[in-house]
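# Observations on chain architecture
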Amino acid sequence: MSKANFTLIGAGLTGPLLATYLAQRGHSVEIYECRPDMRKESISAGRSINLALSARGNHALKEVGLYDKIKLNTIPMKGRMIHDLDGSTHLQPYGQKENEVIFSVSRAQLNMELMTWAEETGNVTIRFNHQLISADLEQNKLMFQLSDSLEEIELSFTRVIGCDGSASILRKSIVEKADIQYVKKPLGHGYKELTIPPLESGEFQIEPNALHIWPRGNYMLIALPNNDYSFTCTLFFPMAGATSFKTVKTEKDILDLFQSQFPDAIKLMPTLVEDFQSNPTGDLASVYCKPWHFVDKALLIGDAAHAVVPFFGQGMNASFQDCSALAILMDQIEDEWTAIFNAFSSTQVENGHAIADMAIENYLEMRDHVNDTEYKKRRNVELKLERMFPGRFIPRYSMVSFHQIPYSEVYQRGRKQFKIIDDVLKADPSGQSIDKAMVEKMLPEPDSSN
Ligand SMILES: Cc1cc2nc3c(=O)[nH]c(=O)nc-3n(C[C@H](O)[C@H](O)[C@H](O)COP(=O)(O)OP(=O)(O)OC[C@H]3O[C@@H](n4cnc5c(N)ncnc54)[C@H](O)[C@@H]3O)c2cc1C
């Protein structure tokens with residue numbers, strides 16, 4: 001493989017990881033990031049404070065050698081701790097095996113470790129305070145604005161990769177130039193981050209090894225643990241309408257909402273009103289775009305290619321899996337960059353679209369269905385089927401979070417499995433007995449790659 005030069009836009013979560021993969025293959029990488037260096041200046045890492053890391057993300061971190069370091073600072077979450085309106089709680093485990101857990105990780109910590117790891121390869125330079133404002137893909141020119149002086153500078157590139165997130169400027173240039181299919185679908189719901197601080201004694205106020213959910217039909221509150229014994233809560237809520245971010249504004253509105261809907265949570269949140277009024281409201285949207293490249297010159301990856309809503313905890317995990325997938329193609333198709341970019345688009349686009357769709361479906365499940373009797377019955381059948389047909393029937397959540405199965409395949413298998421559960425419940429509405437022979441016929445053959 002001959003050495004190539006890459007320009008990456010964005011040093012968020014995907015940019016430095018991809019840079020490491022490229023650098024470890026001998027390529028030379030320059031990353032341009034619009035924000036200052038968060039290792040030197042105290043700035044927000046943007047978006048959520050903590051994230052759920054699962055198998056796909058862990059796999060990529062292992063491939064670049066960073067997993068052991070990151071793992072030290074993660075908190076395992078075994079399942080969803082459901083908080084009912086009356087304050088009672090119950091844990092719904094994510095999986096049936098000991099290792100089927102997901103991990104809460106600090107976004108800022110992870111981002112800083114990724115940047116340092118990339119730089120330590122010796123082949124990566126990160127230029128901060130450089131905001132891409134436009135790209136001329138014909139002439140191989142990128143226009144940046146420097147955030148300290150507001151000066152505009154033009155730089156040339158050989159190959160540019162957009163890791164610049166959901167509002168990607170590189171994507172805009174590719175869409176204009178290459179006439180690619182692109183649609184951004186707003187969810188209509190946004191989010192606000194709030195805090196459950198530690199107890200005065202320095203302990204967690206609620207169970208740390210769980211992802212807490214207060215499902216309330218049209219909206220929900222969730223909480224993930226942090227290493228400082230606090231929890232970051234996120235209220236996912238309609239942007240407009242009778243009960244929405246437009247209508248809940250004053251101290252009274254906020255207290256009324258929380259006292260009536262989250263009475264056990266409000267007791268744990270002494271700075272609720274202040275946090276609600278001062279923290280920004282983020283909006284949520286899914287980005288569908290196809291293809292993700294322009295000849296051998298430009299490529300999109302991570303949220304720039306497929307921003308998804310956060311309800312499967314997969315945006316970062318999917319972005320990290322993109323990097324693994326691109327690395328496999330680089331190793332298979334040496335130096336043929338048009339073929340590499342083309343193959344990447346052909347295989348990954350449908351996976352990006354599948355996880356975007358599944359993430360929207362999971363919002364309905366989390367905020368509304370998790371407490372239904374019907375949902376619980378289906379979940380019991382699902383877990384029984386998994387025990388009955390190991391490796392052949394894998395609950396959709398597990399396929400997404402604990403396996404490397406491509407998302408598009410997960411989506412298809414998930415639909416078939418949904419139908420199998422329907423049929424099992426048709427035969428015995430209690431879900432107690434399962435006709436093994438009937439299910440056997442409906443299942444695919446075992447696949448050793450799972
Ligand atoms: C509330 C919320 C919760 C989430 N929870 C999870 C979770 O639990 N698990 C999970 O896997 N995913 C989660 N995600 C998704 C995850 O945050 C994203 O998928 C992930 O950050 C994508 O990484 P990225 O590097 O592609 O984009 P980003 O992290 O957005 O990074 C983009 C980078 O590009 C820079 N940039 C942008 N524009 C320019 C420009 N013009 N010039 C130069 N630099 C630029 C930005 O400053 C930033 O550093 C969540 C998202 C949200 C909003």
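Note: the structure precedes this text.
Not measured: the values here are computed from a predicted model.

## Regarding the sheet that holds strand 15 (residues 220-225)
The strand order across the open sheet built from 7 strands is 6-5-14-15-16-13-17, with neighbouring strands paired in mixed fashion. This sheet does not close on itself; its edge strands, each paired only once, are strand 6 (89-93) and strand 17 (282-290). Going across the sheet, the axis of each strand differs from the next one's by a mean of 30°, ignoring polarity.

## Quick look at the packing of aromatic side chains
In this structure the tally under the stated criterion is 18 aromatic pairs. Plain terms: the ring middles of Phe236 and Phe311 are 4.7 Å apart, the flat faces sit at 70° to each other, and that makes the pair edge-to-face. One end of the pair, Phe236, is in strand 16 (residues 231-238); the other, Phe311, is in the loop between helix 9 (303-306) and helix 10 (315-332), and 75 residues separate them in sequence. Its relative accessible area of 5% is what places Phe236 among the buried residues.

## A few points about the site of the ligand
Near the ligand, the surroundings consist of 32 residues, among which Glu33, Arg35, Ala52, Arg107 and Asp303 are the closest. With respect to the ligand, the backbone of Cys34 contributes an N or O atom lying 3.2 Å from a nitrogen atom. Within the backbone of Gly315, one N or O atom sits 3.3 Å away from an oxygen atom of the ligand. When the ligand is considered free in solution it has 1,000 Å² of accessible area, and contact with the protein chains removes 91% of it. When contributions to the shell around the ligand are tallied by element, the ones reaching two or more residues are strand 3 (50-53), strand 9 (130-136) and helix 10. It is helix 10 that contributes the most residues to the shell around the ligand, 4 residues altogether. Of the residues that constitute the shell around the ligand, the class distribution is 13 nonpolar, 13 polar and 6 charged.

## A look at unusual backbone geometry
Going from Lys290 to Pro291, the amide bond is cis rather than trans, its omega being -5°. Along the polypeptide, Pro291 turns up in the loop between strand 17 and strand 18 (293-294). A positive phi angle, near 55°, is found at Asn140, a position not held by glycine. Examined against the element boundaries, Asn140 turns out to sit in the loop between strand 9 and strand 10 (141-146). A residue is classified by how much of its surface remains accessible, and Asn140, at 17% relative accessible area, is buried. Non-glycine residue Tyr229 carries a positive phi angle of around 75°. In this structure, Tyr229 sits in the loop between strand 15 and strand 16.

Calculation notes
Residues numbered from 1 in each chain as written. Predicted model: local features only at pLDDT ≥ 70, side-chain atom pairs only at ≥ 80, totals over all residues. Heavy atoms only, no water. Pairing = 2+ DSSP bridges. Helix = DSSP H or I, 4+ residues; strand = E, 2+ residues; numbered from the N terminus. Axes fitted to C-alpha atoms, helices over the stretch in contact; angles between N-to-C directions. Phe/Tyr/Trp six-rings, centres within 6.5 Å; stacked < 30°, edge-to-face > 60°. Buried < 20%, exposed > 50% of the residue type's maximum accessible area, 1.4 Å probe, protein only. Near = heavy atom within 4 Å. Polar contact = N/O pair within 3.5 Å; in protein donor to acceptor, adjacent residues only side chain to side chain. Areas by Shrake-Rupley, 256 points an atom, 1.4 Å probe, with all protein chains shown as cover. Nonpolar A, V, L, I, M, F, W, Y, C, P; charged D, E, K, R; others polar.

Shape descriptors only; they carry no functional weight alone.
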